[in-house]
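Structural overview for review
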Amino acid sequence: MTVPLVQGRKGLGAALCGLLASLSLAAQAQDFASPEVDAMMDRLERQGVSRQWLERAMARAEFQPSVLEAMSGAAEHHLTWERYRGIFLGEERINEGAAFIEAHRDAFDRAEARYGVPPEVIAAIIGVETRYGRITGDHRVLDSLSTLAFHHPRRGEFFEGELEAFLDIAYQQNVDPGALKGSYAGAMGYPQFIPTSYQAYAVDFNDDGQRNLWTDPVDAIGSVANYFAEHRWQAGGTLYWEAEGPSSVPSSIRFNRTDPPYVRVAELEAQGIQPVEPLPGDAKVVPLALDMEDGSTHYRLGGGNFYVITRYNHSHLYAMAVTELSEAIAEVRSLGKPQWWHALDTEVSS
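Residues numbered from 1 in each chain as written. Predicted model: local features only at pLDDT ≥ 70, side-chain atom pairs only at ≥ 80, totals over all residues. Heavy atoms only, no water.

Structural notes on helix H3 (residues 51–60)
- Among the residues of H3, Arg51, Trp53, Leu54, Ala57 and Met58 are the ones counted as buried. Taken down its axis, H3 places every buried residue within 155 degrees of arc, on the same side.
- Between a side-chain oxygen at the N-terminus of H3 and the backbone nitrogen of glutamine 52 the separation is 3.4 Å; the capping residue is serine 50. (Buried < 20%, exposed > 50% of the residue type's maximum accessible area, 1.4 Å probe, protein only. Helix = DSSP H or I, 4+ residues; strand = E, 2+ residues; numbered from the N terminus. Arc of directions from axis to C-beta. Polar contact = N/O pair within 3.5 Å; in protein donor to acceptor, adjacent residues only side chain to side chain.)

Now the structure itself:
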């Protein structure tokens, strides 16, 4: 860009601003100019995505170091169960969950009838993820996924697949990829689906011809239910059973693994972990040892549906928070309160 030699102070300032803006845009365009990005665009072009559209999109992507920093700071890596639970089990979030179900009663009823997932569980997922659509993330998904795809030291290949899926979704649904925001990891909309989950499990639950999880709660409700059904949710199945056990957690048992039920009840009983209600000895469960603030351990035995919740987020703390939030919402809807309500001594609004 050439700046005229003769102009007033105001004109010179405007010209310099224009020059800086042009340089900034040029720098942004270089953030993701590489053979790897070209190869990704080649693949998407072969799938029917416009090359010109892709080049414009990637020219707008900006490298975000803060995204890489955030990846190592998830709450479940640092908090006890009791503190983690306090983040999601505040009274306001519980009451909002009951209100969210009432506001979309038809969609929740249809979801339960079609997929077998109770309204409270669907609402709890959306409540934990985004406060029922109120907090869906402030990171541009294009920036987050581009940064993780081409700069994450270990999981670049995974996030490159997510970036490809995101660009395909935006192109097919005719939305601006630079305008969509989500989490630092690229999760989107009411239920915070990552793009490959969006492609695989999102449904058009209001029959308007569009799978819209960004702004449509009805599509989100149906999509969460479909996600669980596709991961083999069993209608009427037990989420977990209470158990009692020793003060020292047995080292011979693998606790808190987000695997399909993998330990027989008889094996747990032999180690002093006893279900509060009788269970067949050959039944398999997910043994949970939840650490409390006072150093004690709360034992529970997860069922098959508890495992299904961990397919949404591979954390036993997350799955138990969703489980207890769903219980609390159900209790509020029936004008009661859960038995453990008095034990909540930490409430964090987010």
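A look at the packing of helix H2 (residues 35–46) against H3
- Look at H2 against H3: their axes get within 10 Å of each other, and the N-to-C directions meet at 145 degrees. Judged by the twist between their axes, the crossing of H2 over H3 is right-handed. Judged by residue contacts, Val37, Asp38, Met40, Met41, Asp42, Leu44 and Glu45 of H2 engage Arg51, Leu54, Glu55 and Met58 from H3.
- Looking at the contact of H2 with H3, its residues break down into six nonpolar, no polar and five charged. (Axes fitted to C-alpha atoms, helices over the stretch in contact; angles between N-to-C directions. Left-handed = near helix turned anticlockwise from the far one by under 90°. Contact = heavy atoms within 4.5 Å. Nonpolar A, V, L, I, M, F, W, Y, C, P; charged D, E, K, R; others polar.)

A short note on the side chain of threonine 310
- Along the chain, the position of threonine 310 falls in helix H14 (residues 304–310).
- By relative accessible area, which is 1% here, threonine 310 ends up buried.
- Those residues within four positions of threonine 310 in sequence are excluded, and the remaining contacts are Thr258, Ser315 and Ala319.

Considering the packing of aromatic side chains
- This model, assessed by the stated rule, comprises 16 aromatic pairs.
- When the ring of phenylalanine 158 is compared with that of phenylalanine 159, the centres are 4.9 Å apart and the planes differ by 80 degrees; the resulting orientation is edge-to-face.
- A relative accessible area of 3% places phenylalanine 159 in the buried class.
- With a centroid separation of 4.7 Å and 70 degrees between ring planes, the pair formed by tyrosine 201 and tyrosine 227 is classed as edge-to-face. (Phe/Tyr/Trp six-rings, centres within 6.5 Å; stacked < 30°, edge-to-face > 60°.)

With respect to the pattern of salt bridges
- Across all of its chains, the model carries 19 salt bridges by this definition.
- With a closest N to O distance of 3.1 Å, arginine 300 and glutamate 242 form a salt bridge. Residue arginine 300 is located in strand S7 (residues 297–302), and its partner glutamate 242 is located in strand S3 (residues 240–244); the two are separated by 58 residues in the primary sequence.
- Residue arginine 300 is classed as buried on the basis of its relative accessible area, which comes to 2%.
- A residue is classified by how much of its surface remains accessible, and glutamate 242, at 28% relative accessible area, is partly exposed.
- Through salt bridges with shared partners, one network takes in Asp42, Glu45, Arg51 and Glu55. (Salt bridge = Lys/Arg side-chain N within 4 Å of Asp/Glu carboxyl O.)

Focus: unusual backbone geometry
- For arginine 131, which is not glycine, the phi torsion reads 50 degrees and is therefore positive.
- Within the secondary structure, arginine 131 is located in the loop between helix H8 (119–130) and strand S1 (139–140).
- Exposure remark for arginine 131: the relative accessible area of 4% places this residue in the buried category.
- One non-glycine residue, asparagine 256, lies in positive phi territory at about 65 degrees.
- Inspection of the secondary structure assignment puts asparagine 256 in the loop between S3 and strand S4 (263–264).

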